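One letter stands for each residue in the lines below.
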Amino acid sequence: QVQLQESGPGLVKPSQTLSLTCTVSGVSITTGYYYWSWIRLSQGKGLEWMGAIAYDGSTGYSPSLKSRTSISRDTSKNQLTLQLSSVTPEDTAVYACAGVREETRVEIATRFLGKFGYDSWGQGTLVAVSS
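Cut-offs used in this document
- The written sequence of each chain sets the order in which its residues are numbered from 1.
- In keeping with the model being predicted, local features are shown solely for residues with a pLDDT of at least 70 and side-chain atom pairs are shown and tallied solely at 80 or more, while totals for entire chains, interfaces and linings include all residues.
- Think of the side-chain values as coming from all heavy atoms in the structure, minus any hydrogens and water.
- Per-residue accessibility, obtained with a 1.4 Å probe over protein chains only, is compared with the maximum for each type, and a residue is labelled buried under 20%, exposed over 50%, and partly exposed between these values.
- The way it works is that DSSP assigns letters per residue, a run of H or I at least four long becomes a helix, a run of E at least two long becomes a strand, and they are numbered from the N terminus.
- Between any two strands, at least two bridges found by DSSP are needed for them to pair.
- Each aromatic pair joins two rings of Phe, Tyr and Trp (for Trp, the six-membered one) with centres within 6.5 Å, and gets the label stacked for planes under 30 degrees apart, edge-to-face for over 60, and tilted for any other angle.
- Only buried residues count toward a nonpolar core, which is a set of Ala, Val, Leu, Ile, Met, Phe, Trp, Tyr and Cys residues joined through side-chain atoms within 4.5 Å.
- To count toward a patch, a residue needs a relative accessible area over 30% and no salt bridge; like charges are then connected within 9 Å, while nonpolar side chains (Val, Leu, Ile, Met, Phe, Trp, Tyr) are connected within 5 Å.
- Only the protein chains shown count as covering a residue, and every accessible area follows the Shrake-Rupley method with a 1.4 Å probe.
- Salt bridges are counted wherever a side-chain nitrogen of Lys or Arg sits within 4 Å of a carboxyl oxygen of Asp or Glu.
- For helices, the fitted line uses only the C-alpha atoms of the stretch in contact; every axis is such a line through C-alpha atoms, and the angle between N-to-C directions lies from 0 to 180 degrees.
- Disulfide: a pair of cysteine sulfur atoms within 2.5 Å of each other.

**Q** Help me understand the pairing of strand β5 (residues 46–54), please; the structure alone is not making it clear to me.
**A** Moving residue by residue along a regular strand, the side chains alternate between the two faces of the sheet. For β5, a buried count of seven out of nine residues is recorded, marking the element as mostly surrounded by other parts of the structure. Bridge count between strand β4 (residues 34–42) and β5: eight bridges; the pairing is antiparallel. Residue pairing for β5: R40 is matched across the bridge by E48. The loop that links β4 with its antiparallel partner β5 comprises three residues. Note that β5 and strand β6 (residues 59–61) share three bridges and pair antiparallel. The partner of I53 across the bridge, within β6, is T59. Connecting β5 to the next strand, β6, in antiparallel fashion are four residues, including G57 with a positive phi near 90°.

Following this line, the structure appears as structure tokens:
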């Protein structure tokens, strides 16, 4: 059973960088054709796909967030990391990681932008941006 758990600070100040970790258990994040996304839910924008990292380390991002978002991984810890820079109060949201195993390699942004069908989800973590 694949399980995901987000962790990180619940409060970030404006202009700072938001950093969250997703710890995956039950499967190696490098297992073939697994894709791991970061998604957020906010009052203003609803459900929003931010980006993803693939089993081979390749990444893809939402065009609207690409300039501020970075997703990386630590394979030794089986963890994913999200960094969102220059945050504003509009970035206040519940942030969650999710995973899915595809049948073959996919183009990340094309496959995941605006789509939310995943096999496994973390419980999500609330991050508020406030001074």
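Picking up where we left off.
**Q** Even after reading the chapter, I still don't get the packing of aromatic side chains, so can you show me in this structure?
**A** This model, assessed by the stated rule, comprises seven aromatic pairs. Taken together, the ring pairs in this structure connect Y33, Y35, W49, Y55, F112, Y118 and W121 into an aromatic cluster.

**Q** I'm lost on the nonpolar core in this one. Help?
**A** Within soluble globular proteins, side chains that are nonpolar tend to cluster in buried spots. Of all hydrophobic cores here, the largest spans 26 residues; its most connected members are L18, V24, W36, W38, L80, L82 and Y95. Elements with a minimum of two residues in this core: β3 (18–25), β4, β5, β8 (79–84), β9 (93–101) and β11 (125–129). The leading source of residues in this core is β3, at four residues.

**Q** I would appreciate a short explanation of a nonpolar patch on the surface in the present structure.
**A** A contiguous nonpolar patch, built from L41, L47, V94, W121 and L126 and spanning about 450 Å² of accessible area, is present on the exposed surface. Relative to the assigned elements, L47 resides in strand β5.

**Q** I keep staring at the sheet that holds strand β7 (residues 69–74) and nothing clicks. Help me out?
**A** For sheets, the rule is that strands pair by backbone hydrogen bonds, running either parallel or antiparallel. The four strands lie next to each other as β1-β3-β8-β7, forming an open sheet whose pairing is antiparallel. The open sheet has two edge strands with one neighbour each: β1 (3–7) and β7. Adjacent strand axes in the sheet meet at a mean angle of 20° when their direction is disregarded. Bridging between β3 and β8 involves six bridges; their strand directions are antiparallel. Considered in β8, the bridge of T21 is made with T81.

**Q** Please explain the state of the cysteines as it appears in this structure.
**A** The bond known as a disulfide is covalent and runs between the sulfur atoms of two cysteines. Summed over all chains, the structure comprises one disulfide. One disulfide bridge connects C22 with C97, the sulfur atoms lying 2.1 Å from each other. Linking C22 and C97, the disulfide has an S-S dihedral of approximately 75° and is accordingly described as right-handed. Taken as a pair, C22 in strand β3 and C97 in strand β9 lie far apart in primary sequence, 75 residues in all. Pair check on accessibility: C22 and C97 agree, each one buried.

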